[in-house]
Amino acid sequence: MIDDDLRASRLTADKRPELQISFEFFPPKTDAMEEKFWESIGKLAPLKPRFVSVTYGAGGSTRERTLRMVRHITSDTGVPAAAHLTCVGATRDEIDEVVRGFAEVGVKSIVALRGDPPEGIGKPFSPHPQGYQNAADLVAGIRKLGDFDISVAAYPEKHPQSGSWAEDIDNLKRKIDAGANRAITQMFFRNSDYLRFVDRARKAGVKAPIVPGIQPIHSFKQISGFAARCGASIPDWLAERFEGLENDPDTHALVAAAVAAEQVTELLDEGVTEFHFYTLNRSNLVLALARLLGRRPD
Ligand code: FAD
């Protein structure tokens, strides 16, 4: 049986360095989705996140909606907003214009990404002839435009297009050296992959924080699909936990909460103090996880 002191050390943040959390949302497409978006932001904002980020649709397809959401988050909730931005299908001048637009509405944080071709991550990426070549190039471009807080992407299981680990970590280092403040990881479900990745990056001289991207499994079917599309693997033990729960939402929700709780408390025990949550515009599981990490609404 676990004694109370041990349990307290696992589940509270009392004697740890201050915890930093951030939340990722996507720009809603319909009025009903937008209502849900603001409802979730309203519940998560009192947790005092470092920022709430809003993704940028493939090929800049959500440019206007991303801008509108970050503008309102900044002006209406007082929580800092971060805008995602990709290099896909746009010239440097066009991207620079978007960055200036973010600055004009008070957005000081950008998640700078290369993005994927419209056919998906499996297809080779061809930069626009007058565009930024990759995320490192984009980071350098943003740095010239102002004093932004910049996050970049990292891949605990290696980016599917990196030929080797050395190539992958070199690319991360280029992004940090170009001026990024931190990396946020792709979703992962084996903490050992994340810890090994951080170790590799540190050995290569990457000193910036590498924040784990936590994806609560609201729907195993949906998240497995996302994971397959972005090159994250689903371990057999995880699939087994959700097996047969397709028509049992209550048990599914309980298993999802237990799985995510196990993941974040284990990372906390490993000394991780910064977490980025992929919310999919929902608040319930993330609220519970923040609570387990010791964060209460203000
Ligand atoms: P990069 O860091 O540029 O690298 C991509 C690959 O290209 C790597 O394998 C790298 O090694 C290789 N590479 C880079 N430069 C060179 C070079 N000069 N020569 C050879 N190879 C090179 N996508 C969206 O569309 N919108 C979003 O809002 C979004 N948000 C995300 C948020 C997070 C936290 C994460 C982890 C991913 C996000 N993505 C988003 C997905 C991302 O766009 C894809 O994973 C994309 O495939 C790579 O983007 P990157 O910024 O990591 O690219």
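Just so you know, the residues in each chain are numbered from 1, in the order the chain's sequence is written. In keeping with the model being predicted, local features are shown solely for residues with a pLDDT of at least 70 and side-chain atom pairs are shown and tallied solely at 80 or more, while totals for entire chains, interfaces and linings include all residues. To get the side-chain values, take all heavy atoms of the structure and skip hydrogens and water.

(A) View of the site of the ligand. What makes a residue near a molecule or strand is one non-hydrogen atom of that residue sitting within 4 Å of it. Around the ligand, a shell composed of 22 residues is seen, among which Tyr56, Asp116, Tyr155, Ser162 and Lys175 lie nearest. In protein, a polar contact means a hydrogen-donor-capable atom and an acceptor-capable atom, both N or O and within 3.5 Å, with residues adjacent in sequence counting only if both atoms are side-chain atoms; elsewhere, any N or O pair within 3.5 Å suffices. Take aspartate 116: an N or O atom from its side chain is 2.4 Å from an oxygen atom of the ligand. Relative to its unbound accessible area of 980 Å², the ligand is 81% covered by the protein chains. Elements are defined by DSSP. Helices are runs of H or I of four residues or more, strands are runs of E of two residues or more, and each kind is numbered from the N terminus. The element best represented in the shell around the ligand is strand β6 (residues 182-187), accounting for 3 residues. Classification used: nonpolar for Ala, Val, Leu, Ile, Met, Phe, Trp, Tyr, Cys and Pro, charged for Asp, Glu, Lys and Arg, polar for all others including Gly. Looking at the shell around the ligand residue by residue, the class counts come to 8 nonpolar, 11 polar and 3 charged. Only the protein chains shown count as cover for residues, with accessible areas throughout obtained via the Shrake-Rupley method and a probe of 1.4 Å.

(B) Here's a closer look at the nonpolar core. Core analysis: the largest hydrophobic core is formed by 62 residues, its most contacted members being Phe23, Leu85, Ile142, Leu172, Ile210, Phe275 and Phe277. For this core, the element with the highest residue contribution is helix α10 (residues 249-269), accounting for 5 residues. Ignoring sequence-local partners within four residues, the contact set of leucine 85 consists of Tyr56, Ile95, Val98, Val99, Phe102, Ile110, Val111, Ala112, Leu113, Leu138 and Ile142. Think of a nonpolar core as a cluster: buried Ala, Val, Leu, Ile, Met, Phe, Trp, Tyr and Cys residues, connected wherever their side-chain atoms sit within 4.5 Å. Per-residue accessibility, obtained with a 1.4 Å probe over protein chains only, is compared with the maximum for each type, and a residue is labelled buried under 20%, exposed over 50%, and partly exposed between these values. Formed by 25 residues, the second largest nonpolar core is a distinct cluster that contains Val111, Ile184, Phe220 and Ala232. Should any heavy atoms of two residues lie within 4.5 Å, those residues are considered in contact.

(C) Representation of the sheet that holds strand β4 (residues 109-113). We treat two strands as partners when DSSP finds at least two bridges between them. Overall, parallel pairing links the 8 strands, which are arranged β1-β2-β3-β4-β5-β6-β7-β8 in a closed barrel. Strand-to-strand, the axes of this sheet are offset by a mean angle of 30 degrees, without reference to chain direction. The sheet contacts of helix α3 (residues 63-77) involve β2 (51-54) and β3 (81-86), and relative to β3 the element is tilted by about 165 degrees. Under this scheme, a helix contributes an axis fitted over its contacting stretch, all axes are lines through C-alpha atoms, and angles between N-to-C directions fall in the 0 to 180 degree range.

(D) Region of the structure containing the environment of isoleucine 169. Structurally, isoleucine 169 can be placed in helix α6 (residues 165-177). The class for isoleucine 169 is buried, based on a relative accessible area of 5%. The contact partners of isoleucine 169, leaving out residues within four places of it in the chain, are Phe197, Arg200, Ala201 and Ala204.

(E) Broad picture of the pairing of strand β5 (residues 149-154). With 5 of 6 residues buried, β5 is to be regarded as a mostly interior element. One ladder, built from 3 bridges, connects β4 with β5; its direction is parallel. What sits directly across from isoleucine 110, in β5, is isoleucine 150. A crossover connection joins β4 to the parallel β5 through helix α5 (residues 135-145); in handedness this β-α-β unit is right-handed. Think of it like this: strands point away, you trace from the first strand over the helix to the second, and a clockwise trace means the crossover is right-handed.

(F) Broad picture of the packing of aromatic side chains. The pairing test for Phe, Tyr and Trp rings, Trp by its six-membered ring, is centres within 6.5 Å, and the orientation test on the planes gives stacked under 30 degrees, edge-to-face over 60, and tilted for anything in between. Applying the stated criterion across every chain, the model contains 7 aromatic pairs. Relative to tryptophan 38, the ring of phenylalanine 37 lies with its centre 5.0 Å away and its plane at 80 degrees, an arrangement referred to as edge-to-face. Here tryptophan 38 falls in the partly exposed class, since its relative accessible area comes to 23%. With centroids separated by 6.1 Å and ring planes inclined at 55 degrees, the aromatic side chains of tryptophan 165 and phenylalanine 197 adopt a geometry described as tilted. Here tryptophan 165, found in helix α6, pairs with phenylalanine 197, found in helix α7 (residues 191-203); they are 32 residues apart in sequence, far enough to count as distant. For phenylalanine 197, a relative accessible area of 0% gives the class buried. Chaining the aromatic ring pairs together yields one cluster made of Phe23, Phe275 and Phe277. A ring has a charge above it when a Lys NZ or an Arg CZ is no more than 6 Å from the ring centre and no more than 35 degrees off the ring normal. The ring of tryptophan 165 has arginine 200 sitting right over it, with the charged end atom 4.1 Å from the ring centre.

(G) Local environment of helix α8 (residues 220-230). For α8, the set of buried residues is Phe220, Ile223, Ala227 and Cys230. For α8, the angular spread of buried residues about the axis comes to 100 degrees, placing them on one side. Exposed residues pointing more than 90 degrees away from the buried face of α8 are listed as Lys221, Ala228 and Arg229. On the buried face of α8, the contacting elements are β6, α9 (236-242) and α10. Just past α8, the residue glycine 231 takes up positive phi, approximately 85 degrees. Working definition: the arc comes from the directions between the helix axis and the C-beta atoms, pointing outward to the latter.

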